[in-house]
Structures are given as structure tokens and as C-alpha cells.
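Topology and contacts: notes
In case you want the letters, here they are:
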Amino acid sequence: MFKTLSCALLVIFGICLAYGYFIFNADAYFHEADFAKTGTFGDSWGALTSIFSALGFCGVLITLKLQNDAMSKIDSESKKRDESEKMRDFENSFFNMLNILQTIIKDMRVGGDDKKVKKEGRSIFTHYYSRFKNDCLRKGDIEHLEYIEENDFSRENEMKKLSKLFDNYFSGRSGNFSHYYRFLYNMFKFISDAAIDDDSKKKYANILRAQISNYELLILIYNGNATHGKNFKKYFDEYAVLDNLPVDKLISNVHVLFFDKKAWGNNSAALSVFEQAELKGLI
């Protein structure tokens, strides 16, 4: 743009110099011409008026273009500033929530009959999961993928059975988990609803997912299948929450099939279960 403007100014300057040269040297060129002819020649330079008018119009267009570029730059900078402020507000809220989540975990307790604390913090997830697993194996007829045939298996029935076992086992123990899992659910919801781009959502969901231990995930998967945890399935799929879940520690590997493949991300052990189930015609 500036290069074009400079060229136009040089052309105008050259024309002005040429015209001035002819004016000041008129005697040298018109000393033998009659007066009428010199007037005709002078009138012919009136064409310059059209040229200057055209150049003036071009100058107006150039000015408008420069103003439009300036306004576009201001708008772009304003949008970047707004996005930066939104991201800063999101990050402040996210990391504050992450600190609260850690505080919730730290304050969790398991007491004995003697009122003394037996487990606290993250160790209570290991404590409760191992007992829940043993309770299921003792009370329930748990299916295992290796021994199931197509006509002998119903995923829906298995899901209902585990949901009932989970609800029964944790009905008197929900105090330690209900607040934690509600808060964790709302953290994923906060990320999903945030006014940020999808790549950023995935980034912060991965940060949150990295804070969840194996035994938290193991209880989470059965909580997500139970009556009061089904809303969590949406975020299991959206952010591959079960990507790092240790499949070998599940009550049965069949329970991988309770959730969509998307929920398992790149979990190779879980994906292998899906392959086996497809070969058996279970899904």
C-alpha cells in the first residue's frame, strides 16, 4: 500500500516538474508561434486536472483502506485481549477448584469402632474399593469375558446387577464419597461449559484427569454405572476419563463394556477387551 502511494506521488511530482519546466521555458518553445497556438497548447494542459482528480480519488480510497486496516487491527487486538481475560479467569477458577478437590480428599476419613481414624486421604479409596470388590465377588454371580458365550450374556443385566451391588454397599458409606464425586463431576462440567476452545478444554481435562488416582478411577467407573452417577458418562466419553484405568483391577474385565470406547481413550487393555467381545459377538 505504501509502495503504491509512493509511486503515485513520484508520478505527480514528475508531471509537476515537467509542466513547470514548459511554463518557465515557454519562450524557447513558442518564440516563433502565434499567440493563438500558445493558448491552445496551454489549454491542452487542462487534461492534468482530470489526472489530479483521479489521483485525488485514489488518495481517498487509499486513506479509507488505511483506516479500515487500522480498525481491523484494533478489533483483532480487542478480541485477543478479551480471549486472554477469559482464559485468565478460567484458569484462576480451575486451579482454585483443583486446590479445593485436594482439600476434600485430604479431609476424607475412615473410622473404626473405637472411633479412631483407620484411613484418611487417598488411602480410603483403596480401602473401600478392595472391600467393595470382595463383597461383589462373594455376593454376585460375576461374569468374566473368557468364560462367556454370546447367548449367555446380557450387558444390560450385568450393568443392573453391578449398579445394585454398588448402591447397596455404599448406601451407608456415601458420606466419604458423595461430596468428592459431585465436586469432580462439576469440575468436568465447568471445563465443558467454559467459553474456551476445544483444545484448551482437552488440555485442562487432562490436567484434572492426571490428579485422579487408580483407585479413585476404579470406584468412579462403578459410581458412573450406579443410579446416582449416570450423568458422569457424558464426560467419560468427552474427555476419555478412563484412559489410564487399570483394567486388571476391575471386578471383571467384562465391566469395560459398560462404557463406550471413547471413554477409554488409548487404554490398550480396554480396547483389547472390546476386540475380544466383538469376536465373541457380545457387542
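Above this text is the structure in question.
The residue numbers shown here count from 1 along each chain, following its written sequence. Per-residue local features of the predicted model are confined to residues with pLDDT of at least 70, and side-chain atom pairs are confined, for both listing and counting, to 80 or more; whole-chain, interface and lining totals are unaffected and use all residues. As a rule here, side-chain values come from all non-hydrogen atoms in the structure, and water together with hydrogens is ignored.

**So, the environment of E278**
Helix and strand assignments come from DSSP, with helices taken as H or I runs of at least 4 residues and strands as E runs of at least 2, each series counted from the N terminus. Tracing the backbone through its elements, the reader meets E278 in helix 11 (residues 268–280). Under the relative-accessibility criterion, E278 is labelled partly exposed at 41%. It only takes one pair of heavy atoms within 4.5 Å for two residues to be counted as in contact. In this view, E278 contacts K261 and I283; residues no more than four positions away in its chain are not counted. Burial classification: accessible surface area is computed with a 1.4 Å probe over protein chains only, and a residue below 20% of its type maximum counts as buried, one above 50% as exposed, and the rest as partly exposed.

**Structural notes on the layout of surface pockets**
Here the largest pocket defines a volume of roughly 430 Å³. Of all the secondary structure elements, the ones that give two or more residues to the lining of the largest pocket are helix 6 (155–170), helix 7 (178–193) and helix 9 (214–225). Top element by residues in the lining of the largest pocket is helix 7. It accounts for five residues. In this count, Pro and Cys sit with the nonpolar residues alongside Ala, Val, Leu, Ile, Met, Phe, Trp and Tyr, while Asp, Glu, Lys and Arg are called charged and the others, Gly among them, polar. Partitioning the lining of the largest pocket into residue classes produces eight nonpolar, nine polar and two charged. We place a 1 Å grid over just the protein atoms. Points where a 1.4 Å probe fits but has no way out form a cavity, open points with protein on both sides within 12 Å along at least 5 of 7 lines form a pocket, and any residue with an atom within 4 Å of a point lines it. Grid points are joined across faces, edges and corners, and a volume is the space filled by probe spheres set on the points. Estimates place the volume of the second largest pocket at around 190 Å³. Of all the secondary structure elements, the ones that give two or more residues to the lining of the second largest pocket are helix 8 (198–210) and helix 10 (233–239). No other element matches helix 8, which puts five residues into the lining of the second largest pocket. Its residues assigned to classes, the lining of the second largest pocket shows two nonpolar, three polar and six charged.

**Focus on helix 6**
The terminal C-alpha atoms of helix 6 lie 22 Å apart, and with 16 residues this matches the ideal 22 Å at 1.5 Å per residue to within 8%. Those residues of helix 6 that sit buried are E158, M159, L162, S163, L165, F166, Y169 and F170. Viewed along the axis of helix 6, the buried residues span an arc of 165 degrees, placing them on a single side of the element. Exposed side chains of helix 6 directed beyond 90 degrees from the buried face belong to K160, K164 and N168. In this fold, the buried residues of helix 6 make contact with helix 5 (123–139), helix 9 and helix 10. What a helix should span is 1.5 Å times the count of its residues minus one. Starting at the helix axis, one direction is taken to each C-beta atom, and the arc is that of these directions.

**A short note on a negative patch on the surface**
On the surface, D82, E83, E85, D89, D197, D198, D199 and E238 cluster together into a negatively charged patch. Secondary structure elements with two or more residues in the negative patch: helix 4 (47–106) and helix 8. The biggest single contributor to the negative patch is helix 4, with four residues. Mapped onto the fold, D199 is located in helix 8. Residues qualify for a patch when their relative accessible area is over 30% and they have no salt bridge, like charges being joined within 9 Å and the nonpolar side chains of Val, Leu, Ile, Met, Phe, Trp and Tyr within 5 Å. Surface accessibility follows the Shrake-Rupley procedure with a 1.4 Å probe radius. Residue values consider only the protein chains on display as shielding. Criterion for a salt bridge: a side-chain nitrogen of Lys or Arg within 4 Å of a carboxyl oxygen of Asp or Glu. We score Asp and Glu as negative and Lys and Arg as positive, and we do not count His or the chain ends. For this purpose, a charge sits on NZ of Lys, CZ of Arg, CG of Asp or CD of Glu.

Any link to function would need more than the numbers given here.
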